[in-house]
Amino acid sequence: MGNKKDTNWTLVPASERDIAAVRERCRQLVRRRAMVSAGVAAVPIPGLDVVSDLRLFALLIDDINQEFGLSEQQIERLKPKFRLIAYEAAIGVGGMLVGKLVTREVVMQVLRRTGFKLVARQATKLVPLAGQMASAGIGFFAFRQIGYQHVEACAKVAQELVLAGVHQPA
C-alpha cells in the first residue's frame, strides 16, 4: 500500500502549437516570479534577495520542467530511445537544468553566471531609495533573462522529442 502511483504528471507537448502555448505560459510564470524577486530586492536587507532568489529560481525551474514534461521523473518514464534524445537535446542547447533534480548547488552555479549583477545589486543598496530601485530593476532583468533562457531550452528539447515522434504509437 506504500507504493502509490503518481498520476498527476504532464506529457511532452504533442505539437508545435502545444509547445508555443506552454512556452507562453512559462514566460508569464517567469515574469511573475521576476516581479516577486524584484520586490524582495527592493527591501534594504543585505542578503535577503539572494536567499529569496535561490528559492524562487529553484521552484521556477521545477515548474517549467514540469510544464514541458521534462522533469527528471517525467523523462525517466519515456522509452529509452526518447530519454536519450531528451538528454542529448538538453546538452545540445546548453540546458543544464532540463530534466535534472534542481538543488541549491545547481541554482548557485546558474546564479554565479550573473555574479556581477548580484554584486551590483548589493552595492546599490548602499544608496538609499535610488539604490533599492536599481537593485530591484537589476534583479528583475537578471531573473527574467535566466528564466527565459530555461524556457527556450525546454522548448527546444520538447521540439526535438516531437520531431523524433515521441507521441506516435510504437
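Described in the following lines is the structure provided in the data block. (Residues numbered from 1 in each chain as written. Predicted model: local features only at pLDDT ≥ 70, side-chain atom pairs only at ≥ 80, totals over all residues. Heavy atoms only, no water.)

All right, on to the overall build of the protein then. On a plain count of helices and strands, the protein comes out with seven helices and zero strands. Listed by position from the N terminus, the elements making up the protein come as α-α-α-α-α-α-α. For the protein, with 170 residues in total, the buried portion stands at 41%. Taking contacts inside the protein between residues at least 6 apart in sequence as the whole, the part at least 24 apart equals 80%. Accessible surface for the protein amounts to roughly 9700 Å². Of this, 61% is attributable to carbon and sulfur atoms. (Helix = DSSP H or I, 4+ residues; strand = E, 2+ residues; numbered from the N terminus. Buried < 20%, exposed > 50% of the residue type's maximum accessible area, 1.4 Å probe, protein only. Contact = heavy atoms within 4.5 Å. Areas by Shrake-Rupley, 256 points an atom, 1.4 Å probe, with all protein chains shown as cover.)

Quick look at helix 2 (residues 48–67) now. Since the α-helix turns once every 3.6 residues, residues separated by three or four places project in the same direction. With 20 residues, helix 2 should cover 28 Å at 1.5 Å per step; its first-to-last C-alpha distance of 28 Å lies within 8% of that length. Those residues of helix 2 that sit buried are Asp49, Ser52, Asp53, Leu54, Leu56, Phe57, Ala58, Leu60, Ile61, Ile64 and Asn65. Immediately downstream of helix 2, the backbone of Gly69 shows phi near 75°, a positive value. (Expected span 1.5 Å × (residues − 1).)

Quick look at the state of the cysteines now. As enumerated under the stated definition, the model contains zero disulfides in all. The thiol sulfur of Cys26 is not disulfide-bonded, and the nearest other cysteine sulfur, from Cys154, lies at 7.3 Å. Judged by its relative accessible area of 0%, Cys154 falls in the buried class. (Disulfide = S-S within 2.5 Å.)

With that settled, consider the side chain of Gln74. When you line up the elements, Gln74 lands in helix 3 (residues 72–76). Given a relative accessible area of 3%, Gln74 falls into the buried group. At a separation of 3.5 Å, a polar atom in the side chain of Gln74 contacts the main-chain carbonyl oxygen of Gln66. Polar side-chain contacts of Gln74 include one of 2.9 Å to the backbone nitrogen of Ser71. (Polar contact = N/O pair within 3.5 Å; in protein donor to acceptor, adjacent residues only side chain to side chain.)

For the rest of this paragraph, the subject is the pattern of salt bridges. Pairing between side chains of opposite charge can happen when their charged atoms approach one another. Per the stated rule, a full pass over the model turns up six salt bridges. Linking Glu152 and Arg23 is a salt bridge whose minimum nitrogen-to-oxygen distance equals 3.3 Å. With Glu152 in helix 7 (residues 130–164) and Arg23 in helix 1 (residues 16–41), this pair connects stretches of sequence that are 129 residues apart. Glu152 gets classed as partly exposed once you look at its relative accessible area, which sits at 26%. Across the pair Arg25 and Glu67 runs a salt bridge whose closest N-O atoms are separated by 2.8 Å. Of this pair, Arg25 sits in helix 1 while Glu67 is found in helix 2, placing the two residues 42 residues apart along the sequence. Here the salt bridges share partners, and the residues they tie into one network are Arg23, Arg27 and Glu152. (Salt bridge = Lys/Arg side-chain N within 4 Å of Asp/Glu carboxyl O.)

Applying the stated criterion across every chain, the model contains two aromatic pairs. Pairing Phe57 with Phe143 gives two aromatic rings, centres 5.8 Å apart and planes at 85°, and the pair type is edge-to-face. You can see Phe57 sitting in helix 2 and its partner Phe143 sitting in helix 7, a full 86 residues away along the chain. By relative accessible area, which is 4% here, Phe143 ends up buried. Taking NZ or CZ as reference, Arg27 lies 3.7 Å from the ring centre of Tyr148, over its face. (Phe/Tyr/Trp six-rings, centres within 6.5 Å; stacked < 30°, edge-to-face > 60°. Lys NZ or Arg CZ within 6 Å of the ring centre and 35° of its normal.)

This paragraph deals with the nonpolar core. Counting 36 residues, the largest nonpolar core has Leu60, Ile64, Phe68, Leu70, Val98, Val157 and Leu161 as its most contacted members. Breaking this core down by element, the ones donating at least two residues are helix 1, helix 2, helix 4 (80–92) and helix 7. Sort the elements by how many residues they give to this core and helix 7 lands first, with 13 residues. Excluding residues that lie within four positions of it along the chain, Leu161 makes contacts with Val12, Leu70, Leu78, Phe82, Ile85, Ala86 and Val166. (Core = buried A, V, L, I, M, F, W, Y, C linked by side-chain atoms within 4.5 Å.)

Purely geometric stuff here, so don't read any function into it on its own.
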